[in-house]
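Here is what each chain is made of, one letter per residue.
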Amino acid sequence: MTILSDQLQLAPAELDSYWMPFTANRQFKAAPRMLVKAEGMYYWTAHGRRILDGFAGLWCCNAGHCRKPIVEAIQKQAATMDYAPAFQMGHPLAFELSNRIVELAPGKLDHTFFCNSGSEAVDSALKIALAWHRVRGEGSRTRLIGRERGYHGVGFGGISVGGIAANRKMFGTMLTGVDHLAHTHNLEKNAYSKGQPEWGAQLADELERLVVLHDASTIAAVIVEPVAGSTGVLIPPKGYLQRLREITKKHGILLIFDEVITAFGRLGAAFGADVYGVEPDMITFAKGVTSGTVPMGGVLVSSDIYHAFMSGPPGAIELFHGYTYSAHPLACAAGIATLQLYEDEGLFARAARMAPAFERALHSLKGARHVVDIRNQGLVGGIELAPRAGSPGARGFEAYLRCYEKNVLVRSTGDILAVAPALIVEETQLDQIVSTIREVLTALE
Ligand SMILES: Cc1ncc(COP(=O)(O)O)c(C=O)c1O
C-alpha cells in the first residue's frame, strides 16, 4: 500500500481542534482509529491494515465503497457545475433524481423535497406535516408523536420525537407538544426472532390511548422508523406497522416512516414500506440515496400533501422551507449514479437473496458468550449482549473495539452490536464478520 505513508499519522496536538461527533473525544485521541482509503467491502487504516466493513460505513454505503460509476459522476459534475442556487433556480439533475426516486417509491408517494442529511429530512417532514394541516384549515393539529428508543437525528425536531435519553437530556425542553409511543423491544417475548417478531402488534394500540388523551384534532403526525436502527436494530412485530397505519388513517393523523437507514435496499427492497406492505404519508431518506458518497437527504410526500400546498396565487412561495444545499448538483449526480448502479447490479434483489445467509450466519451466534438476543431483517442485524454489571454499554463498546482490532468493522450501540454490510457482501465475508464476533465474545469479560 503505497499511499499509506507515515505522513498520514497525526501528532497528538494535531488531533486536538476537531470536536468529533458522537465520539468519546479524549479516548479516541489517545488511541485514534484512522481510516484513509476504501474500496468495495473494505477500508484501509493509516497503518495499512485492511478492515472488512460490516457496517456500510454508517449504514450508508449500500453499493460498497468508491464504486467507479458513482465516483466518475461526482468528478464530472464537480468539473461541470459545482453549485446552482437552490431557491428560485433549478438544475436538471435535481428533477431527474426526484423522478428516479419517485419511480422507486411506493404508491402515492410521488414528490420529493431535498435536503442534506437524515436530521434535516426529519425536521423537514415534521414541518411539512404541521404546515399541511394548517393549509387545510386544521391548524390545531400541532402535536407530534414519536416512539421511545426512536432515533430521528439530532435537530431539535428529531430529538424531540426521538426516544433516546442521552440524545435529549442535555438540550432543554426541545419542542413542546410531543408525546411518545412505547418501544417494541421485549426480550422475554421475542428473543431470537428471525425476521419480524410474533409478539407486539398490540403496542400500536397505545396510539388510540394518546388520541383519547390529546384528542385527534391536536395531533399532526406520528413518526417511526420501520426498523429502529440506531437504538439497536428493533424489528417491527408482525402487524404493528399495519395497525399504526389503520389508527393514523382513522384519525386523520399523518404517518411518517423515517427510512434513513431502511431505504435503498437495506431490507431487500427499495423501501421498508415495500417490505412491510404499509404505505405511509411521508418517507424520510438519506444515507443510501448517494451510497454515502455525498451528503443528501430528502422527504417523499404523497401527491395529496404536495397538492394541498399548490393553491393561492401562482407567484406565491408555497413552503417557506429549504436549504442552500437542497438538491446540490454533486449530491444529485451521485444519487443518479447510485440508483443506476443499484438497478444495473440488481442490488436490492441481491440483498433479499443474501438475507437468509445473513440470518443463518448471525443466528449461529446463539449460545456464544454474553449473547442474549439476535434479530435480523434483510441485511441488518443486531446481536444483544448481557450488560456488564454496573457498566451498561461497556461490553458492547469493547466488543466493537476488539472486532476492529481483528479487522472487522461493526457498530455498538449500548450493549448491542449492529451489523449492516453493503449490499454487495459475499457469504465468505459474512462468515468472517460472524467468526470474528464469536472469537471476540469468547475472550471478552
Ligand atoms: C432513522 C434515522 N433518522 C435520522 C438519522 C439522522 O441522519 P443524519 O445523521 O444524516 O442527520 C439517522 C442516522 O442514523 C437515522 O438512522
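As the structure is a prediction and not an experimental result, all values here were calculated from the model.

1. Details of the overall build of the protein
Part 1 of the reasoning: Along the backbone of the protein there are 16 helices and 15 strands.
Part 2 of the reasoning: Relative to the 2.2 N^0.38 estimate, which gives 22 Å for 445 residues, the radius of gyration of the protein is 22 Å and therefore close to what a compact globule would have.
Part 3 of the reasoning: Dimensions along the principal axes, computed over C-alpha positions, put the protein at roughly 65 × 55 × 45 Å.
Part 4 of the reasoning: Considering only contacts in the protein between residues 6 or more positions apart, those separated by 24 or more positions represent 72%.

2. Describing the nonpolar core
Part 1 of the reasoning: With 124 residues, the main nonpolar core has Ala221, Val222, Ile256, Met282, Ile283 and Val410 as its most contacted residues.
Part 2 of the reasoning: When residues of this core are assigned to their parent elements, the largest contribution, ten residues, is made by helix H13 (residues 329–344).
Part 3 of the reasoning: When sequence neighbours within four positions are dropped, the list of residues in contact with valine 410 reads Gly54, Phe55, Tyr400, Cys403, Leu417, Ala418, Val419, Ile433 and Ile437.

3. So, the site of the ligand
Part 1 of the reasoning: Residues in close proximity to the ligand total 14 residues, the closest being Ser117, Gly118, Ser119, Gly153 and Val260.
Part 2 of the reasoning: Counting residues per element, the shell around the ligand draws most heavily on helix H5 (residues 118–135), which supplies three residues.
Part 3 of the reasoning: Partitioned by chemical class, the residues of the shell around the ligand number five nonpolar, seven polar and two charged.

4. A word on the sheet that holds strand S11 (residues 371–377)
Part 1 of the reasoning: Read across the open sheet, the four strands follow the order S11-S12-S15-S14; overall the sheet is antiparallel. Each having just a single partner strand, S11 and strand S14 (411–413) make up the two edges of the open sheet. The mean angle between the axes of side-by-side strands here comes to 20°, regardless of whether they run parallel or antiparallel.
Part 2 of the reasoning: Here helix H14 (residues 347–363) sits on the sheet and contacts S11, strand S12 (380–385) and strand S15 (416–419); the angle it forms with S11, its principal contact strand, is near 175°.

5. Concerning the sheet that holds strand S7 (residues 219–224)
Part 1 of the reasoning: On the basis of which strands lie adjacent, the open sheet formed by seven strands has the order S4-S10-S9-S8-S7-S5-S6 and mixed pairing. This sheet does not close on itself; its edge strands, each paired only once, are strand S4 (109–115) and strand S6 (178–181). On average, adjacent strands in this sheet sit at an angle of 20° to one another, irrespective of strand direction.
Part 2 of the reasoning: Looking at chain direction, strand S5 (residues 143–147) and S7 are connected through three bridges and run parallel. Bridging across to S7, leucine 144 finds its partner in alanine 221.
Part 3 of the reasoning: Along the sheet, helix H9 (residues 206–214) contacts S5, S6 and S7; its crossing angle with S6, the most-contacted strand, is approximately 155°.
Part 4 of the reasoning: Helix H10 (residues 240–250) contacts S7 and strand S8 (254–258) of the sheet and is inclined by roughly 145° relative to S8.

6. Looking at the packing of helix H4 (residues 92–104) against H13
Part 1 of the reasoning: Contact geometry for H4 and H13: axes closest at 9 Å, N-to-C directions at 35°. For the pair H4 and H13, the crossing hand works out as left-handed. In this structure, H4 contributes Leu93, Ala94, Glu96, Leu97 and Arg100 to the contact, and H13 contributes Pro329, Cys332, Ala333, Gly335, Ile336 and Leu339.
Part 2 of the reasoning: Across the contact of H4 with H13, the residue classes break down as eight nonpolar, one polar and two charged.

7. Concerning the confidence of the model for the protein
Part 1 of the reasoning: In this model, the protein carries a mean pLDDT of 96, and residues with pLDDT of at least 70 account for 98%.
Part 2 of the reasoning: Residue range residues 1–6 is modelled with pLDDT below 50. Its contacts to residues more than four positions away, or to other chains, number seven contacts.

8. Concerning unusual backbone geometry
Part 1 of the reasoning: Positive phi is not limited to glycine here, since cysteine 66 has a value of about 50°.
Part 2 of the reasoning: For cysteine 66, the position within the fold is in the loop between helix H2 (56–59) and helix H3 (68–80).
Part 3 of the reasoning: Residue cysteine 66 is classed as partly exposed on the basis of its 15 C-beta neighbours within 10 Å.
Part 4 of the reasoning: One non-glycine residue, asparagine 407, lies in positive phi territory at about 70°.
Part 5 of the reasoning: As for its placement among the helices and strands, asparagine 407 is situated in the loop between helix H15 (394–405) and strand S13 (408–409).

The rules we used
- Residues numbered from 1 in each chain as written.
- Predicted model: local features only at pLDDT ≥ 70, side-chain atom pairs only at ≥ 80, totals over all residues.
- Helix = DSSP H or I, 4+ residues; strand = E, 2+ residues; numbered from the N terminus.
- Rg over C-alpha atoms; globule rule 2.2 N^0.38 Å.
- Contact = placed C-beta atoms within 7 Å.
- Core = buried A, V, L, I, M, F, W, Y, C linked by C-beta atoms within 7 Å.
- Buried ≥ 20, exposed ≤ 12 C-beta atoms within 10 Å, placed from the backbone.
- Near = placed C-beta within 6 Å.
- Nonpolar A, V, L, I, M, F, W, Y, C, P; charged D, E, K, R; others polar.
- Pairing = 2+ DSSP bridges.
- Axes fitted to C-alpha atoms, helices over the stretch in contact; angles between N-to-C directions.
- Left-handed = near helix turned anticlockwise from the far one by under 90°.
- pLDDT = per-residue confidence, 0-100.

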